Amino acid sequence: MIRTQNLNYYPFELKSHTFHLLPEKALYWPLYKMLILADVHIGKISHFRRAGASLPIAAAKKQILKLQELIYRLQPSSIVFLGDLFHSDFNSEWNAFKSILKTHNDKEFILIEGNHDIMDIEVYRHAGVEVKSQLAIDGFILSHHPLKVNDNSSENYALCGHLHPGYLLEGKGRQRLCLPCLWISKHQTVLPAYGDFTGTYPIEPQSGDSVFLISGVQINRLDF
């Protein structure tokens, strides 16, 4: 079954909690006024430009502006990054991100460490970002890496990132398109990569899973 939404968000339930999937590839938890983003990869564009790739610097500014506008619109109490907030070593994009932290210093910023978060923890903390390995809230575990099945022996359900999930669509004329998606399964939900220029990894949903495809302002839900 395919269900489509063209609104500002697509509501769905997990473990009796309502969440809103946003077309910006972010998740909002209304009960806690929490904005959740995975794999933002700030600094990636500048990182590759420094290595000689011809990527437009305007794209980096656009990503920061998009995050700023999202916070203004939702007015969350907290913003949680599920790992890979900053792509690599320090570059100019970090200063642009710090301007967001200063503008919204009444909000709580939390980073769940990811494999790309290699800057010293004190850099984050000095900027006002709390750093954790995981975060447990109301029966949910917020982490960067997906949990192994045997890690889910408790009642906790995981919200995670890392995979940059995408779902491959194939047409009759050999057309192929991999769209970023949110992937809901029995033990965990994997968020789409929020950042631009992050790519997607084709997933293979199992029976009982749900996938939310994101294309511009449109979100399509597929139930398997």
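Note that the structure is a prediction, hence the values are computed from the model and not measured.

A. Representation of the environment of Lys186. One can find Lys186 in the loop between strand S13 (176-184) and strand S14 (188-190). Between the alpha carbons of Lys186 and Ser207 there is a distance of 9.8 Å; along the sequence they are 21 residues apart.

B. Fine view of the nonpolar core. Membership of the largest hydrophobic core comes to 27 residues, with the highest contact counts inside it found for Leu35, Leu37, Phe81, Leu85, Phe97 and Tyr124. Looking at this core, the elements that each hand over two or more residues are strand S4 (26-29), strand S5 (34-37), helix H2 (57-74), strand S6 (78-81), helix H3 (92-103), strand S7 (108-112), helix H4 (121-127) and strand S8 (129-132). Not counting chain neighbours up to four residues away, the residues in contact with Tyr124 comprise Leu85, Phe86, Trp94, Leu111, Asp117, Met119, Val129 and Val131. Counting 26 residues, the second largest nonpolar core, distinct from the first, contains Leu21, Ala38, Val80 and Tyr157.

C. Region of interest: the packing of aromatic side chains. A full pass over the atoms with the stated rule returns 12 aromatic pairs. Taking 5.1 Å as the distance between ring centres and 85 degrees as the angle between the ring planes, the aromatic pair formed by Tyr10 and Phe212 counts as edge-to-face. In this pair, Tyr10 is assigned in strand S2 (residues 10-14) and Phe212 in strand S16 (residues 210-215), connecting sequence segments 202 residues apart. Assigned by exposure class, Tyr10 and Phe212 land together as buried. Measuring from ring centre to ring centre gives 6.0 Å for Phe12 and Phe19, while their planes differ by 20 degrees; the resulting arrangement is stacked. As far as burial versus exposure is concerned, Phe12 and Phe19 are alike and both buried. Linked through ring pairs, Tyr10, Phe12, Phe19, Trp29, Tyr32, Phe140, Tyr157 and Phe212 together constitute an aromatic cluster. Geometry around Tyr194 places Lys66 over its ring, the cationic atom sitting 4.4 Å from the centre.

D. Just the environment of Gly139, in detail. As for its position among the elements, Gly139 is in the loop between strand S9 (135-137) and strand S10 (140-142). The exposure class of Gly139 is partly exposed, given its relative accessible area of 32%. Each residue touching Gly139, except ones within four places of it in the same chain, is listed here: Glu155, Asn156 and Tyr157.

E. Spatial organisation of the pairing of strand S12 (residues 165-170). By the bridge criterion, two bridges tie S12 to strand S15 (residues 201-202) in an arrangement that is parallel. Bridge assignment links Gly166 to a residue of S15, and that residue is Pro202. As paired elements, S12 and S13 share five bridges and run antiparallel to each other. When the sheet's bridge partners are listed, Gly166 is paired in S13 with Pro180.

F. Spotlight on the side chain of Lys25. On the secondary structure map, Lys25 appears in the loop between strand S3 (17-22) and S4. The contacts of Lys25, once residues within four sequence positions are left out, are Pro180, Pro192, Ala193, Tyr194, Gly195 and Ile214.

Conventions adopted
Residues numbered from 1 in each chain as written. Predicted model: local features only at pLDDT ≥ 70, side-chain atom pairs only at ≥ 80, totals over all residues. Heavy atoms only, no water. Helix = DSSP H or I, 4+ residues; strand = E, 2+ residues; numbered from the N terminus. Core = buried A, V, L, I, M, F, W, Y, C linked by side-chain atoms within 4.5 Å. Buried < 20%, exposed > 50% of the residue type's maximum accessible area, 1.4 Å probe, protein only. Contact = heavy atoms within 4.5 Å. Phe/Tyr/Trp six-rings, centres within 6.5 Å; stacked < 30°, edge-to-face > 60°. Lys NZ or Arg CZ within 6 Å of the ring centre and 35° of its normal. Pairing = 2+ DSSP bridges.

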